[in-house]
Amino acid sequence: MPAPRRGRAVLTALAAVVVAIVAVSLITNPRWEWGVVAQWFAARTIVLALLETLKLTVLAGVVGFGLGLVLALMRLSGSGIARAVAWTFSWIFRSTPLLVQLLLWYNLGYIYATVRLGIPFTDVTLFESRTSDLMTPLLAAVLGLGLHQAAYAAELIRGGILSVDAGQLEAASALGIPARDRSLRIVLPQAMRAILPTAFNEIIGLVKGTSVVYVLAHAELFFTVQLIYGRTQQVLPMLLVATLWYIVITSVLSIAQYYIERHYAKGAVRTLPPTPLQSLRARLAARRATAEGVAA
């Protein structure tokens, strides 16, 4: 006989009541203006803004995690100067609000009128441009988001590497395994299990963090939604459009996170747990078998 779980039954009933109340409110309250949401959800202007948001996320993510890997390796190196530079970078960019960093990059031309690339301590110039021409809203957004992300990515990558038992590296060295293979085949697969959950949280936060770029008047999703509801006065429906698209993006990232984590769990568990699709197929097959047995 199954053990009675009255507390679970009560909580389930309360949760079902709350969900029903929220669903009825969303469906029956005309002020949500779902018709306006449907009209703008897949509009060309919104789709172009969504693509711009995704482009910002990809570019800033590449900058952030690429530089974060370099900073993490610098923190773990034997060079005191490298460790100090990496620590100072993380300290500065984690201590400064993202909004302030974006505005500083966008107004960099006030401090440096020109950007010059050449050979240090000589008059040889390879590239020179006015900072105001070079620092577009897109570049300022990528630099602000990417460098801010790099400070956090460096710490989570460093933590993942440190989570690998040092004895495994010592054993690999004793077996004569080259340093490259030790890093790629021993350290990385195990570190990824510790890095991935936090890394995907950071990526999801980066997607939502692109909404701060509206201060630079860059045509990403939230800025475009602001322009539309400023013209139509349909504030709540347009905010719902942005909210739904953010939910779609984060849901896709969550699904990708599940399968990537499942891939890297191969070395930690003997039998991988079934995916949701495999579980559904197993349940349907069991019910089909039960129905056929009853019919027989």
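Residues numbered from 1 in each chain as written. Predicted model: local features only at pLDDT ≥ 70, side-chain atom pairs only at ≥ 80, totals over all residues. Heavy atoms only, no water.

Visitor: What's the story with the pairing of strand β1 (residues 114–118) in this structure? I'm lost.
Guide: In regular strands, side chains alternate between the two faces of the sheet. Judged from the five bridges that link them, β1 and strand β2 (residues 125–130) form a sheet pairing that is antiparallel. Paired with G118 across the two strands is T125, which belongs to β2. Hairpin connection, β1 to β2: the antiparallel pair is bridged by six residues, and F121 has positive phi, about 65 degrees. (Pairing = 2+ DSSP bridges. Helix = DSSP H or I, 4+ residues; strand = E, 2+ residues; numbered from the N terminus.)

Visitor: In this structure, what is going on with the UniProt feature "transmembrane region" (unreviewed entry) in the chain? I would like to understand it.
Guide: What UniProt calls "transmembrane region" (unreviewed entry) maps, in this numbering, to residues 9–28, 58–78, 84–106, 211–229 and 235–260. Here residues 58–78 is 90% helix and 0% strand, with 32 Å between the C-alpha atoms at its ends. As annotated, residues 235–260 comprises 100% helix and 0% strand, and the C-alpha atoms at either end are separated by 38 Å. (UniProt positions renumbered as here; feature names shortened; annotations may be inferred.)

Visitor: Please explain the packing of helix α3 (residues 44–76) against helix α10 (residues 221–232) as it appears in this structure.
Guide: Packed helix pairs are specified by the crossing angle of their axes together with the interaxial distance, meaning the distance between the axes. Viewed as axis vectors pointing N to C, α3 and α10 meet at an angle of 150 degrees, and their least axial separation amounts to 8 Å. As the angle between them shows, α3 and α10 are arranged roughly antiparallel. Here T45, I46, A49, L50 and T53 of α3 come into contact with α10, specifically with L221, T224, V225 and I228. Within the contact of α3 with α10, the residues separate by chemical class into six nonpolar, three polar and no charged. (Axes fitted to C-alpha atoms, helices over the stretch in contact; angles between N-to-C directions. Parallel < 35°, antiparallel > 145°, perpendicular 65-115°, else oblique. Contact = heavy atoms within 4.5 Å. Nonpolar A, V, L, I, M, F, W, Y, C, P; charged D, E, K, R; others polar.)

Visitor: Explanation requested: the packing of aromatic side chains in the structure shown.
Guide: Aromatic ring pairs are reported here in terms of the distance separating the ring centres and the angle at which the planes meet. Taken as a whole, this structure holds six aromatic pairs when the rule is applied. When the ring of Y214 is compared with that of F222, the centres are 5.7 Å apart and the planes differ by 80 degrees; the resulting orientation is edge-to-face. A ring pair is formed by Y258 and Y259, whose centres lie 5.1 Å apart and whose planes are at 90 degrees; its orientation type is edge-to-face. (Phe/Tyr/Trp six-rings, centres within 6.5 Å; stacked < 30°, edge-to-face > 60°.)

Visitor: Please explain the nonpolar core as it appears in this structure.
Guide: Burial of nonpolar side chains together is a common tendency in soluble globular proteins. Of all hydrophobic cores here, the largest spans 21 residues; its most connected members are W40, I46, L221, V225, M238, V241 and W245. Listed by contribution, the elements that provide at least two residues to this core are α2 (34–41), α3, α9 (179–209), α10 and α11 (235–264). Discounting residues that sit within four places of it in the chain, M238 has contacts with W40, I46, V225, I228 and Y229. With 13 residues, the next largest nonpolar core counts L56, L108, M135 and L145 among its residues. (Core = buried A, V, L, I, M, F, W, Y, C linked by side-chain atoms within 4.5 Å. Buried < 20%, exposed > 50% of the residue type's maximum accessible area, 1.4 Å probe, protein only.)

Visitor: Got a minute to help me understand the environment of T53 in this structure?
Guide: One can find T53 in helix α3. With 224 residues separating them along the chain, T53 and L277 place their C-alpha atoms 30 Å apart. In this view, T53 contacts V207, T210, E220 and L221; residues no more than four positions away in its chain are not counted.

Visitor: Can you help me understand helix α4 (residues 80–95) in this one?
Guide: The α-helix advances 3.6 residues per turn, and as a result positions three or four apart in sequence lie on the same side. Helix length check: α4 (16 residues) gives 22 Å between terminal C-alpha atoms against 22 Å at 1.5 Å per residue, within 8%. Buried residues in α4 make contact with α3, α5 (98–106) and α7 (137–162). (Expected span 1.5 Å × (residues − 1).)

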